[in-house]
Structure formats: structure tokens, C-alpha cells
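This is what each chain is made of:
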Amino acid sequence: ANIRRHPLAIPPPSEKDWPKDDEEDFFLQDPDRKRNVMPQPFRMINKLVMQVIESAMEIIERREMLQEEQKRKVQPTKCSPTAEFQVTGRANCLAVSGKYIFVGLSVGLAAFSTCDCKEICAWDAVKTEICALHASDLGNESHVLLAVDEMGLVWLFCFHKESFLLIKALNEVGDISKRSTCVEVVLSLGGDYAGVLLQGNTKAWLEIYQLPKDSWLREMEKNPGAAAGLACSERRPSCTYVVQNSSISHFLNTSLLQDSPVSANQTDPKLDLPVLLLTVKPPKPITGSSFESPLDALKEVDDSRMLGLGYNHLIKDFQWELQEAIFRSTYREYLEAEGVIKEEIPRHATFHFLLPSQILQVGPDMEVQPDVPAGIGVHWDGNHNFCLYLLNHPLNEQVDSDLKPDVVWPCAAPIACSAVSSCSRYLALAGEDATITIWDKHLGFPLSVTAILEERFIRSIHFL
């Protein structure tokens, strides 16, 4: 008898017994295996068709979900224009004051009425393009306008009884090589003050003007005939001004027309020129001290001014140089990798007109009105200090060429941007370290400090 001497063993699987990829789940597709597997290339075609169908279904489901989300959202009200007016040339900017809309055009200015959407008058005496425009209501049908043209000149106008009166070009000089360019203009609420940020070839500065609006109004009332005889442009067809029902949106739709000859009469009444109150220059880099003792440094402080700027110190030049050498030797590899940025004098500033508060204290002999700005707040790019300057200086004081701030608020990081609330009580300072601090100017202390996520740079900030 044949007797097996070796135990039975399970034979190893062969490659032909391995399940194919497309047959791994055949029992799910066809448990009873009633249908035969399709031969190639039909199996590949079937697989591709199924993939296309599945992808299409995913796209359909995704779009249906988006449509459901859109239906759940509150749809904004669509507003259509109710009236239009056309302007000559191209409209670059506009400003609304009282019942008038002032438009800066490619050639001059134009004024329109908000009541009947008709053009009132225009000014194009110098054939210049207006790029920025600010306006404020002075009362008695008078308005003050600040316009900046394409060359950086600042034009000061008084609009009275449907006529433009050119008062002065604030930064116009005879020598073109010495001309400064306007970077930014700010007109205070009520038209009492105007600020102009100027840049020259190598430097920048801020000029604050006091506008004699009371004398302008008196001159207009005294000479109504001269004001009525001011030239204005020919009445042209109506304008594009859109007023939405229960809405505060205004839309300006301009169309290009052929230029029509518009001229201005030169028989303007004589109005007082604005008074230059302050000239604010950017802070100088901190250098070595020449003081021999702390007493010498304290003697330079006049009426507690200049505190906080960092100029009154006892650090000598050689100490600065020694500290710089130690810093460079310690962090040499990082400085070589990133490069050394040389400290430069800033050329741009942000400034705000501020109403009276406990921080802006004025002398007892000076009259203060609650709705008239009492000072300005200025911060220069890359600087840590927010500087406050009083506007109510005695008339006998001369404009200081090296004006010092009355109050200094140092910050931990360079100030990136700032904003003042409409009531002028709250001040928001955003640093380059993405930290926002809200100050109460009346009380003089911070209300809140908010840190934004890292690696964020705040470019603008606004009160709502």
C-alpha cells in the first residue's frame, strides 16, 4: 500500500490565482455572478464612463449646495439710477457740500445742484486737471473748496451764490525748481482750518492754514453786487446725479462730450488770504547729546514741551558708535543676510484735526469753541510717536521753523495708520506689530488694546 510519508501541505498561490483590480469587488457588483465579465477594451470604457458620471454628480451636488446657501443669504436691494447728468470731459473726483455737488474734471471744476440736477457754473481759467477735491459748508450759501491738480498745486476756492472765487494757489512759487508737490490735503469740519502735506526734492513738511471764513462772509454780504457779477460758465445740459430712495448712495455717471469754451471773469472781489499757522517738519534722527549734566538737559525743556521725543538725553556720540559696533558684531550673519536699512527722514505723514479736550489744554486767555478744532495730531511713517500741536497760538507768535509738539504719545511700535471718530473723542492707533490701541482723548488713557494675528500689516483703520 502506498503510504504518504510527508504531511499534506497547502500549495503556495500562483500569480494566475491573484484577483485582478477590476474584479476585487465583483461579489458586491454581481453577488450571484450571473453576468460574465466584459472583455477588454469594454471594461476600460465602462470604467471611464463610470468615473465621468461620478465626477458629474459631485459637481452637480456641489452646485446645488451653493445655490441653497445663496438662497438663504439676504439679497441686497438693487438700486437703479433715477436721474443722470453729463459733464464736459472726464470726472476725476467729487465732493458734496450743502445742496451742491462739486466735480473735479479733466479741465477745471463744475458745480451741480442736488435739487434739479442742473449745472450751476464751472471754472477752467487755467485749463488744469483736478485730481482731488474737498469741500465744506460755511453757511450763508458759501462753501470753501480745496482742489489739487495734476501738477500737485493746491487751489483754494470760495463758492458763493453759484460762483467760483479763486483765492490763492497755496504752494505756487515763481521758480519751478523750488516748487513743492502736494501729497495730501485735509479740510477741517466747518472750514476753519486746512492742512497740506507737501514734498520737495529731498524733504517733506506739513503746513496748517487758518481760513478767514468770517471775513469772507462779511465781504460777500458787504459787496453783493460784486459777488453776483462773478463769472460762471454757460449753462450746459443736465447732469448725472443719482439719488436712491431711503439710501445714502450717490452715483455719478459721466459721458465724454466735446469741450465747450468756458471762461471765468477776472473781476473777483478781494478776499483775505489764509494765514499760515504751523509748519510741522518730520522728526530728526536721534544723535549724540552735547549736555554735560541732567540739569543742562532739563533747561532745554520749555513749558514741558518736547518730552517724549527722545532728544533730551545724555548719550554721547561715542556711546552710540560703541553700541552700533557691538550690535553689528553680535548679529553680523543676520545683517549680512537681510541687508542693513539706513534710517531716513520720513516723507509722508498722517494728520487729523482734533476738537478741544483735556489733552489739548489751551491758555486761559484764549477763546475755545467746542465745535472748532483746537489742535492737530500727526504721526510720520516709521515713527513711534503720535504728536499733538495746538492751533490756538497767540497772534504775536511767529511761525516756528522747528516747531515742537505740545503733547507726545510714544508707542511701543512704529505707527502704521490712525483714525479719529466722528465725535473726535476716540483715537485709534495701529502699529506695525499689528496691535490696535483705542484711546479716549478726553480722559487721556487707552480703552482697549487688540492684537491681530501674526504676520499681518494693518494698512488702514476706520470707525463705523
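Residues numbered from 1 in each chain as written. Predicted model: local features only at pLDDT ≥ 70, side-chain atom pairs only at ≥ 80, totals over all residues. Heavy atoms only, no water.

The name given to the chain in an unreviewed UniProt entry is WDR93 protein, with Tachuris rubrigastra as the source organism.

Side note on a negative patch on the surface
Among the surface-exposed residues, Glu54, Glu58, Glu61, Glu64 and Glu68 lie close enough to one another that they form a single negatively charged patch. Position of glutamate 68 among the secondary structure elements: in helix α2 (residues 42–72). Here glutamate 68 falls in the partly exposed class, since its relative accessible area comes to 41%. (Patch = residues over 30% accessible without salt bridge, like charges linked within 9 Å, V, L, I, M, F, W, Y side chains within 5 Å. Areas by Shrake-Rupley, 256 points an atom, 1.4 Å probe, with all protein chains shown as cover. Salt bridge = Lys/Arg side-chain N within 4 Å of Asp/Glu carboxyl O. Lys, Arg positive; Asp, Glu negative; His and termini not counted. Charge placed at Lys NZ, Arg CZ, Asp CG, Glu CD. Helix = DSSP H or I, 4+ residues; strand = E, 2+ residues; numbered from the N terminus. Buried < 20%, exposed > 50% of the residue type's maximum accessible area, 1.4 Å probe, protein only.)

Brief notes about the sheet that holds strand β6 (residues 142–149)
Strands sit in the order β5-β6-β7-β8 across an open sheet of four strands; the sheet is antiparallel. Whereas interior strands pair on both sides, the edge strands pair on one side only; in this sheet they are β5 (130–139) and β8 (164–169). When the angles between neighbouring strand axes are averaged without regard to direction, this sheet yields 20°. (Pairing = 2+ DSSP bridges. Axes fitted to C-alpha atoms, helices over the stretch in contact; angles between N-to-C directions.)

Details of the nonpolar core
Val154, Leu156, Val196, Leu211 and Trp216 are the most contacted members of the largest nonpolar core, which totals 22 residues. When sequence neighbours within four positions are dropped, the list of residues in contact with valine 196 reads Val154, Leu170, Cys182, Glu184, Val185, Trp205, Leu206, Glu207, Tyr209 and Phe351. (Core = buried A, V, L, I, M, F, W, Y, C linked by side-chain atoms within 4.5 Å. Contact = heavy atoms within 4.5 Å.)

As for the pattern of salt bridges
As enumerated under the stated definition, the model contains four salt bridges in all. We note a salt bridge from arginine 90 to glutamate 129, for which the minimum N-O separation is 2.4 Å. Taken together, the residues span a long stretch of sequence, with arginine 90 in the loop between α2 and β1 (91–97) and glutamate 129 in the loop between β4 (119–123) and β5 at a distance of 39 residues. Assessed through its relative accessible area of 15%, glutamate 129 is described here as buried. Among the salt bridges present, the one from aspartate 192 reaches lysine 213, with a minimum N-O distance of 3.4 Å. In this pair, aspartate 192 is assigned in the loop between β9 (181–187) and β10 (193–199) and lysine 213 in helix α3 (residues 213–222), connecting sequence segments 21 residues apart.

Quick notes on a nonpolar patch on the surface
Judged by side-chain polarity, Phe42, Ile45, Val49, Met50, Ile53, Met57 and Ile60 come together as a nonpolar surface patch covering roughly 640 Å² of accessible area. Within the secondary structure, isoleucine 45 sits in helix α2. For isoleucine 45, a relative accessible area of 47% corresponds to the partly exposed category.

Focus: the pairing of β8
As paired strands, strand β7 (residues 154–160) and β8 are joined by five bridges and run antiparallel to one another. Paired with phenylalanine 159 across the strands is phenylalanine 164, a residue of β8. Hairpin connection between β7 and β8: a loop of three residues separates the two successive antiparallel strands, and lysine 161 in this loop has a positive phi of roughly 50°.

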